[in-house]
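Observations on the model geometry
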Amino acid sequence: MAPPRALEGDYEAASQILEHAVEETSTPDDVGRLVPLIRDKGRADILQSVGAAKLLVDMIMEEEKMLMTLMLAASGQFPERKVCALEALVELARHPEHNGSVAGSGILGLVCALALCDKDQPRTRALAFDCIRVLGVNPFPAALDPQREREYANLREQM
């Protein structure tokens, strides 16, 4: 599949760009194209509506190879393509309304392994710490939703 054209703010184009980015044959550049799109609030909303957080987490973690993914992270051999996907996920989490879906996605164990690995590239470790910083803070005032604040407190405790 050829890389899709620029996102015009429409659902179908967002789906194509996201699907192309998470294909097994995608390159780090393909995945990296998501980051500037996600920085745009309207486009982030469209990407999230097509399940961006779940698709990116699935691509990074590869459920059937989760232990292998964690071992790669812990050994400092985390693939560049997955680093780009994590970067896109962090950008998505910067939008307060999408932070919860990323924080609750199950990515924290991997991110902590990346942060603790002293063999990893400085960029990867910095990204892991940035992810922890972004996901560890409830973007909404605690008084608005005490249950949500308790969930974020649990996430911080896990980290």
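Just above, that's the structure.
Structure report, in brief. Just so we're clear, the structure is a prediction, and the values are computed from it rather than from any experiment.

Turning our attention to the overall build of the chain. Looking only at helices and strands, the chain has 11 helices and zero strands in total. Going residue by residue from the N terminus, the α and β elements of the chain occur as α-α-α-α-α-α-α-α-α-α-α. Considering the chain as a whole, with its 159 residues, one finds that 45% of them fall into the buried category. For the chain, the share of sequence-separated contacts (at least 6 apart) that also reach a separation of at least 24 residues comes to 64%. Counting every atom, the chain has about 8300 Å² of accessible surface; 56% of that belongs to carbon and sulfur.

Relative to the elements of secondary structure, Asn99 occurs in helix α8 (residues 96-103). Asn99 has contacts with Ala93, Val134, Leu135, Val137, Pro139 and Tyr152, leaving out every residue within four places of it along the chain.

Bringing the side chain of Ser26 into the picture now. Mapped onto the fold, Ser26 is located in the loop between α1 (11-22) and α2 (28-32). For Ser26, the side chain forms a polar contact with the main-chain oxygen of Ala21, separated by 2.8 Å. Polar contacts involving the side chain of Ser26 include one to the side chain of Arg81, which spans 2.9 Å. Residues within four places of Ser26 in sequence aside, it is in contact with His20, Ala21, Val31 and Arg81.

A separate point is the pattern of salt bridges. By the definition in use, this model includes eight salt bridges. Between Asp130 and Arg133 there is a salt bridge, and its shortest N-O distance comes to 2.5 Å. Here Asp130 pairs with Arg133, and both are found in helix α10 (residues 122-135), just three residues apart, close to one helical turn. Salt bridges sharing common partners tie together Arg39, Glu91, Arg94, Asp130 and Arg133.

Here we take up the environment of Glu97. Counting through the fold element by element, Glu97 comes out in helix α8. By relative accessible area, Glu97 is classed as partly exposed at 41%. On a C-alpha basis, the gap between Glu97 and Asp45 in space is 8.8 Å, while along the polypeptide they are 52 residues apart. Those residues in contact with Glu97 that lie beyond four places of it in its chain are Lys41, Asp45 and Phe140.

Reading the values: rules and limits
Residue indices follow the written sequence of each chain, beginning from 1 at its first position. Totals for whole chains, interfaces and linings use every residue, but because this is a predicted model, local features are given only for residues with pLDDT of at least 70 and side-chain atom pairs only at 80 or more, for both listing and counting. Here the side-chain values reflect all heavy atoms present in the structure, with hydrogen atoms and water set aside. Secondary structure elements are defined from DSSP: runs of H or I of at least 4 residues count as helices, runs of E of at least 2 residues count as strands, and each element is numbered from the N terminus. Relative accessibility decides the category of a residue: with a 1.4 Å probe and only protein chains considered, values under 20% of the type maximum give buried, values over 50% give exposed, and everything between is partly exposed. Any two residues whose heavy atoms approach within 4.5 Å at even a single point are treated as in contact. Accessible areas in this description were obtained via Shrake-Rupley with a 1.4 Å probe; residue shielding takes into account the shown protein chains only. Under this definition, polar contacts are N or O atom pairs within 3.5 Å; protein pairs additionally need one hydrogen-donor-capable and one acceptor-capable atom, and for neighbouring residues in sequence, both atoms have to be side-chain atoms. When a carboxyl oxygen of Asp or Glu is within 4 Å of a side-chain nitrogen of Lys or Arg, the pair counts as a salt bridge.

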